[in-house]
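Below are the chains, spelled out letter by letter.
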Amino acid sequence: MTLTFNDVKFLAEFNRISSEVKNPKNVLLAAGREVGNRLRRHFRLKDRTEANQLSPRRSHFWLQVARSVPE
């Protein structure tokens, strides 16, 4: 079976994706940024919504964790 694509837009997009797969640095950098963003968001939400269980005073432990995630 042979597939032939004559759509110029498809070929241009396919070639762009193919070149990124050959050199995944940019894809990996973007993925790492997104993971960091999601972790920071998760820990900030946790800091706002969960009560402090070790002390009557708020220590903002989860906010400190969020701030420790590299940008």
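Residues numbered from 1 in each chain as written. Predicted model: local features only at pLDDT ≥ 70, side-chain atom pairs only at ≥ 80, totals over all residues. Heavy atoms only, no water.

Examined against the element boundaries, Lys46 turns out to sit in helix α2 (residues 25-49). Relative accessible area serves as the criterion here: at 18%, Lys46 is assigned to the buried category. At a separation of 2.9 Å, a polar atom in the side chain of Lys46 contacts the side chain of Glu50. (Helix = DSSP H or I, 4+ residues; strand = E, 2+ residues; numbered from the N terminus. Buried < 20%, exposed > 50% of the residue type's maximum accessible area, 1.4 Å probe, protein only. Polar contact = N/O pair within 3.5 Å; in protein donor to acceptor, adjacent residues only side chain to side chain.)

The next subject is the layout of surface pockets. Considering only enclosed or pocket space, the largest pocket measures out at about 230 Å³ in volume. If you trace the largest pocket, you find it lined by Lys46, Asp47, Glu50, Ala51, Asn52, Gln53, Leu54, Arg58, Ser59, His60, Phe61 and Trp62. Contributions of two or more residues to the lining of the largest pocket are made by α2 and α3 (61-68). Taken together, the residues that form the lining of the largest pocket break down as four nonpolar, four polar and four charged. (1 Å grid on protein atoms, 1.4 Å probe; cavity = no way out; pocket = protein on both sides within 12 Å on 5 of 7 lines; lining within 4 Å. Points joined across faces, edges and corners; volume = space filled by probe spheres on them. Nonpolar A, V, L, I, M, F, W, Y, C, P; charged D, E, K, R; others polar.)

So, on to the packing of α2 against α3. Where α2 meets α3, the closest approach of the two axes is 7 Å, and the angle between their N-to-C directions is 170°. By the angle class used here, α2 and α3 are roughly antiparallel. Classified by chirality, the crossing of α3 by α2 is left-handed. Here α2 contributes Arg40, Phe43, Arg44, Lys46 and Asp47 to the contact with α3, which in turn contributes Phe61, Trp62, Leu63, Val65 and Ala66. Of the residues that constitute the contact of α2 with α3, the class distribution is six nonpolar, no polar and four charged. (Axes fitted to C-alpha atoms, helices over the stretch in contact; angles between N-to-C directions. Parallel < 35°, antiparallel > 145°, perpendicular 65-115°, else oblique. Left-handed = near helix turned anticlockwise from the far one by under 90°. Contact = heavy atoms within 4.5 Å.)

This structure, assessed with the given rule, holds four salt bridges. Residues Arg38 and Glu34 are paired through a salt bridge, measuring 2.8 Å at the closest nitrogen-oxygen approach. Note that Arg38 and Glu34 are positioned in helix α2 at a spacing of four residues, about one turn of the helix. A salt bridge links Asp47 to Arg58, with the shortest nitrogen-to-oxygen separation between them at 3.6 Å. Highlighted residues: Asp47 in helix α2 and Arg58 in the loop between α2 and α3, separated in sequence by eleven residues. Owing to a relative accessible area of 42%, Arg58 belongs among the partly exposed residues under this scheme. (Salt bridge = Lys/Arg side-chain N within 4 Å of Asp/Glu carboxyl O.)

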